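# Coordinates in review
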Amino acid sequence: MTEPKNASAEAVADPNKPLKDLTDMQTMVSLCKRRGFIFQSSEIYGGINSCWDYGPLGIELKYAVKDAWWKNMTRQHDDVEGVDASILMHPRVWEASGHVENFTDPLVDCKKCKARHRADHLKPVKALEEKLGHLPSIEEMTKALEGANCPSCGSAGTLTPPRLFNMMFKTYMGPVADDANIVYLRPETAQGIFVNFRQVQETMRRKLPFGIAQIGKAFRNEITPGNFTFRTREFEQMEMQYFVTPGSDAAAFEKWKTERRAWHSSMGIRNSKLKFHEHGPNELAHYAKQACDIYYEFPIGWQEVEGIHNRSDYDLRRHTEFSGKSLQYTDEAANKFTPYVIETSVGCDRFVLAVLCDAYRANEDRVVMKFHPSLAPYKAAVFPLMKKDELVGPALKIYEDLRKTYKVDYDAAGSIGKRYRRHEEVGTPFCITIDYDGVADQTVTMRHRDTMAQERIPMARVQQYMEDAFKNWKME
Ligand code: GAP
């Protein structure tokens with residue numbers, strides 16, 4: 001008998017009843033709000049478009065993702081160092097990087113309904129792109145959109161000609177708001193790494209190849225943000241620049257492609273939901289020589305989660321030119337050259353969204369978030385079967401012990417079935433229940449989130465049991 005004594009019938013949902021994947025984003029938005037993962041920003045004021053706040057469980061998940069990425073980069077790779085550069089940088093950085101000139105999207109407005117669209121996302125432009133085999137020029141887009149319908153209101157011929165819109169957020173440094181004081185919120189964290197290349201290399205006495213990793217906020221004034229946290233104007237990136245000798249860049253690119261995809265799988269993302277997307281010559285960003293994205297199949301379709309780029313010597317060369325300070329490297333044979341860079345860049349928020357979407361399984365009876373245990377916000381929940389002193393005391397003791405190692409919840413409210421449901425929905429791998437039999441013989445029941453199986457084990461073994469289970473965890 002492994003069931004906690006007196007467990008009510010509702011505790012027993014059918015483990016053999018199939019569970020389905022997530023099919024629409026709105027379901028995820030609602031779950032995240034209901035269960036404290038992600039809230040709309042400034043909600044009491046009606047919210048602000050495309051801005052989201054992580055709630056108590058969301059931030060646990062996000063920190064777990066960042067921690068996993070950071071440890072992978074800077075511990076499992078002994079040739080990667082970390083930095084944390086400031087968001088505001090010298091404005092010349094963005095001239096050197098090419099963002100002032102090139103970080104633009106073509107924008108059109110509907111004169112009738114005032115809706116704003118990205119011209120390159122509109123059907124006539126997409127059709128032309130398909131025909132030409134490359135992104136049409138602004139002139140070609142203008143022609144293609146003559147007489148086109150606005151996708152929002154359907155009116156014909158109301159779209160303005162496309163104009164290029166720079167996506168960097170501008171602000172002013174200091175009290176005077178004039179052009180001399182313009183600074184930008186960084187649109188990618190990478191530049192904070194490039195400008196520190198020399199200092200990191202020298203202080204850490206690094207030889208090529210080596211990498212520099214960083215996690216931090218980036219800002220883009222996106223024309224069409226949306227799909228929950230998929231595309232926002234403020235987001236976090238986890239980027240790593242790997243500096244190599246020219247000529248070894250192609251091999252390093254392949255190595256990082258393989259490593260990064262393996263990392264996504266190690267975070268529990270199903271392989272069937274991941275694929276590579278190689279960029280064609282017309283998709284490449286202004287800095288890239290070669291690029292490959294890792295795509296995840298969201299309910300909105302296959303979309304980029306991570307970009308892996310061969311940035312050549314573009315950035316270090318440009319910063320050398322613009323700053324007048326050499327960012328060249330001298331190798332052991334006294335050859336001087338500008339290193340090439342292989343970049344891996346994953347959106348932290350977008351990856352968290354992929355984790356949430358991938359974990360979701362549901363049927364009419366229950367919703368289960370099948371997080372990899374290393375990412376689950378709570379590692380376990382401890383329940384006294386009933387709110388009786390004889391059960392509460394030992395339950396609290398187990399909770400206090402586990403809390404030293406793991407984030408654990410203690411829950412004594414409501415029926416045991418409701419407590420199981422609540423913790424399935426936030427992805428807690430184990431529910432630990434203490435009943436009268438258990439107090440008598442010093443045992444607990446461990447309930448497994450994924451199989452709903454229950455096992456009675458000695459109280460003293462709970463922690464070791466969890467540790468072993470997490471080490472050997474098999475995702476479906
Ligand atoms: N430093 C290279 C770089 O920034 P990117 O492909 O523009 O490359 C890298 O961005 C990753 O950042 C994307 O794969 C995506 O996960 C994330 N990202 C980019 N724009 C985003 C946005 N508006 N909202 C959320 N995540 C975004």
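Below or above, wherever it landed, is the structure these notes cover. The model shown is predicted, which means the values in this text are computed figures rather than measured ones. (Residues numbered from 1 in each chain as written. Predicted model: local features only at pLDDT ≥ 70, side-chain atom pairs only at ≥ 80, totals over all residues. Heavy atoms only, no water.)

### As for the site of the ligand
Residues in close proximity to the ligand total 21 residues, the closest being Glu188, Thr232, Glu239, Glu304 and Val305. Within the backbone of Phe230, one N or O atom sits 3.5 Å away from a nitrogen atom of the ligand. At 2.5 Å from a nitrogen atom of the ligand is found a side-chain nitrogen or oxygen belonging to Glu239. When the free accessible area of the ligand is taken as 550 Å², the share hidden by the protein chains comes to 93%. Elements represented by at least two residues in the shell around the ligand include exactly strand S10 (234-244), strand S13 (301-312) and strand S16 (340-347). (Near = heavy atom within 4 Å. Polar contact = N/O pair within 3.5 Å; in protein donor to acceptor, adjacent residues only side chain to side chain. Areas by Shrake-Rupley, 256 points an atom, 1.4 Å probe, with all protein chains shown as cover. Helix = DSSP H or I, 4+ residues; strand = E, 2+ residues; numbered from the N terminus.)

### Here we look at the sheet that holds S13
If you walk across this open sheet you meet the seven strands as S3-S9-S10-S16-S13-S12-S11, and the pairing is mixed. Each having just a single partner strand, strand S3 (80-82) and strand S11 (274-278) make up the two edges of the open sheet. Taken over all neighbouring pairs, the strand axes of this sheet differ in orientation by 25° on average, direction set aside. Of the pairings in the sheet, the one linking S3 to strand S9 (residues 210-219) comprises three bridges and is parallel in character. Its bridge partner lying in S9, Glu81 is registered against Ile212. (Pairing = 2+ DSSP bridges. Axes fitted to C-alpha atoms, helices over the stretch in contact; angles between N-to-C directions.)

### Brief notes about the side chain of Asp249
Mapped onto the elements of the fold, Asp249 is located in helix H9 (residues 249-266). Owing to a relative accessible area of 5%, Asp249 belongs among the buried residues under this scheme. Engagement of the side chain of Asp249 in a polar contact is seen with the side chain of Asn310, the distance being 2.9 Å. (Buried < 20%, exposed > 50% of the residue type's maximum accessible area, 1.4 Å probe, protein only.)

### Comments concerning the side chain of Arg118
For Arg118, the location among the structural elements is in strand S5 (residues 116-118). Of note is the side chain of Arg118, whose polar atom sits 2.9 Å from the side chain of Asp120. Those residues in contact with Arg118 that sit more than four places away from it in its chain are Asp105, Pro106, Glu222, Ile223 and Thr224. (Contact = heavy atoms within 4.5 Å.)

### Focus on helix H2 (residues 56-76)
Between its first and last C-alpha atoms H2 spans 29 Å; for 21 residues at 1.5 Å apiece the expected length is 30 Å, and the two agree. Buried within H2 we find Leu57, Gly58, Leu61, Lys62, Ala64, Val65, Lys66, Ala68, Trp69, Asn72, Met73 and Thr74. (Expected span 1.5 Å × (residues − 1).)

### Here's the deal with the pattern of salt bridges
Inspection of the entire model under this criterion finds 41 salt bridges. One salt bridge in this structure joins Glu202 and Arg198, with 3.6 Å as the shortest N-O distance. Here the residue Glu202 and the residue Arg198 both occupy positions in helix H8 (residues 197-203), the gap between them amounting to four residues, near one helical turn. We note a salt bridge from Glu222 to Arg231, for which the minimum N-O separation is 3.9 Å. Judged by its relative accessible area of 8%, Glu222 falls in the buried class. Taken together, the shared-partner salt bridges connect Asp21, Arg270, Lys273, Glu297, Asp358 and Arg361 into one network. (Salt bridge = Lys/Arg side-chain N within 4 Å of Asp/Glu carboxyl O.)

### Here's the deal with the sheet that holds strand S6 (residues 163-166)
Strand pairing in a sheet relies on backbone hydrogen bonds, with the paired strands running either antiparallel or parallel. Taken together, three strands build an open sheet; the order of strands is S5-S4-S6 and the sheet is antiparallel. With one partner strand each, in any of the chains shown, S5 and S6 form the two edges of the open sheet. Each neighbouring strand pair of the sheet contributes to a mean axis angle of 50°, computed without reference to strand direction. As defined by bridge partners, strand S4 (residues 104-109) adjoins S6 across four bridges and the pair is classed as antiparallel. Across the sheet, the residue bridging to Pro106 is Leu164, located in S6.

### Some details on the packing of aromatic side chains
Here the structure, examined in full by the defined rule, presents 19 aromatic pairs. Seen in terms of ring centroids, Phe194 and Phe243 are 6.4 Å apart; in terms of plane orientation they differ by 85°. Their pairing is edge-to-face. Of the two residues, Phe194 is situated in helix H7 (residues 190-194) and Phe243 in strand S10; the sequence distance between them amounts to 49 residues. Its relative accessible area of 0% is what places Phe243 among the buried residues. Aromatic pair Phe197 and Phe243: ring centres 4.6 Å apart, planes at 40°, arrangement tilted. One end of the pair, Phe197, is in helix H8; the other, Phe243, is in strand S10, with 46 residues separating them in the sequence. When its relative accessible area of 0% is taken as the criterion, Phe197 is described as buried. (Phe/Tyr/Trp six-rings, centres within 6.5 Å; stacked < 30°, edge-to-face > 60°.)

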